[in-house]
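# Observations on the three-dimensional arrangement
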Amino acid sequence: MKPLKVMCKTTFQLNLPSHCSMKELLRSASDCLKGDKMELLCVLLWRIWFRRNKWIHEKIWLDDSSCLAWAQQHLEDFKTASNKQTIPHTPIAAHPWKPPEMGIVKINTDAAWCKHTKKFGLGVVIRDHSGSILGSAATPVSSSVSVDVAEGWALERGARLAKYLGFSAIELESDCLGVVMALQQQTHFISELSFVFDSISDHCNAFQQFSFSYTPRTSNQVAHSLAKLALSLADEQIWRGRGPDCIASMAIADIQPLISS
């Protein structure tokens with residue numbers, strides 16, 4: 001309970017007694033927390049239970065910051081999915097794609113999972129400040145790993161593609177908040193993600209400039225479409241320039257706010 005008490009104090013300003021049961025914790029939280037914070041605490045408790053099982057059965061430890069980041073992302077995804085039936089569709093996303101600064105290319109990545117084939121699809125799209133597509137990839141991966149690892153693989157694939165195409169300054173962007181935060185903070189811990197982070201760092205060190213950023217899923221649709229496409233492929237496909245036809249309309253929608261402004 002000690003790590004949980006520390007997180008409750010730092011994240012939710014809850015001061016718990018030295019000996020506190022889960023029932024007492026929830027009772028105390030319900031008196032002090034309302035709305036979003038109470039929801040976040042419940043999701044965090046779920047993740048901590050997952051961490052406990054991960055350690056007992058696989059000897060893999062997930063640190064506090066990654067648990068909190070996962071809980072925040074999971075809650076955001078749940079709320080987004082819950083609101084899809086009531087929010088009318090609009091052609092321009094509430095969180096539009098943001099172009100990189102001139103001289104830098106932005107690499108959007110995503111991972112998709114098919115439970116029937118037990119396969120991941122990795123999607124990568126590289127664009128410049130004008131929104132022009134410079135390169136893209138759809139990579140099928142047959143492996144039973146966590147979603148976070150697959151998202152890390154997608155970022156690593158993006159860095160490798162950018163290096164192959166000869167770019168010198170990159171911004172790697174993903175809709176997986178936990179992975180992005182760990183890379184931004186250079187969090188080092190023994191986990192299933194450690195080897196993925198090491199590989200990403202090795203590739204990024206080859207660039208003159210690199211950074212990591214988070215974007216909501218609604219503004220990462222081009223990369224998501226490529227990840228879904230990868231699920232239907234037997235081998236990796238790489239495109240220079242405009243990319244496959246399936247991403248054309250979404251790529252155009254992403255730059256509409258740039259054209260309108």
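Preceding this paragraph is the structure being described.
Residues numbered from 1 in each chain as written. Predicted model: local features only at pLDDT ≥ 70, side-chain atom pairs only at ≥ 80, totals over all residues. Heavy atoms only, no water.

### Things to note about the environment of methionine 102
Note the following rule: Helix and strand labels come from DSSP, where a helix needs a run of H or I of at least four residues and a strand needs a run of E of at least two; each type is numbered from the N terminus.
By secondary structure assignment, the location of methionine 102 is in the loop between helix H4 (64-83) and strand S1 (105-114). Spatially, the C-alpha atoms of methionine 102 and histidine 129 are 5.3 Å apart, while their sequence positions differ by 27 residues.

### Some details on the packing of aromatic side chains
Definition in use: The criterion for an aromatic pair is that two Phe, Tyr or Trp rings (for Trp, the six-membered ring) have centres within 6.5 Å, with stacked assigned to planes under 30 degrees apart, edge-to-face to planes over 60 apart and tilted to the rest. Each residue gets one of three labels from its accessible area relative to the maximum for its type: buried under 20%, exposed over 50%, partly exposed in between, using a 1.4 Å probe on protein chains only. Charge over a ring is defined by NZ of Lys or CZ of Arg lying within 6 Å of the ring centre and within 35 degrees of the ring normal.
Throughout the structure, instances matching the rule amount to three aromatic pairs. Ring plane angle 45 degrees and centroid distance 4.7 Å describe the contact between tryptophan 113 and phenylalanine 120, whose orientation is recorded as tilted. Overall, the relative accessible area of 37% leaves tryptophan 113 in the partly exposed class. Between phenylalanine 210 and phenylalanine 212 the ring centres are 5.8 Å apart and the planes differ by 65 degrees, which places this aromatic pair in the edge-to-face class. The ring centre of tryptophan 97 lies 4.1 Å from the NZ or CZ of arginine 127, which sits over that ring.

### A closer look at the sheet that holds S1
The pairing of strands in a sheet comes from backbone hydrogen bonds and takes either a parallel or an antiparallel form. Applicable threshold: Between any two strands, at least two bridges found by DSSP are needed for them to pair. As a rule, the C-alpha atoms of each element are fitted with a line to give its axis, helices using only the stretch in contact, and angles between N-to-C directions run from 0 to 180 degrees. Here, residues are in contact when the closest pair of their heavy atoms is within 4.5 Å.
Across the sheet, six strands lie side by side as S5-S4-S1-S2-S3-S6; this open sheet has mixed pairing. Pairing within the sheet leaves two strands with one partner each, and these edge strands are strand S5 (209-214) and strand S6 (237-240). Sheet twist, expressed as the mean angle between neighbouring strand axes with direction ignored, is 15 degrees. Here six bridges tie strand S4 (residues 169-174) to S5, and the two strands are oriented parallel to one another. Across the sheet, the residue bridging to isoleucine 170 is phenylalanine 210, located in S5. Sitting on the sheet, helix H5 (residues 147-165) touches S1, strand S2 (119-127), strand S3 (133-141), S4 and S6, and the angle it makes with S2 is about 40 degrees.

### Re helix H7 (residues 194-204)
Which entries qualify depends on this criterion: Directions from the helix axis toward the C-beta atoms define the arc.
For H7, the complete set of buried residues consists of Val196, Phe197, Ile200, His203 and Cys204. With its buried residues spanning 125 degrees around the axis, H7 presents them on a single face.

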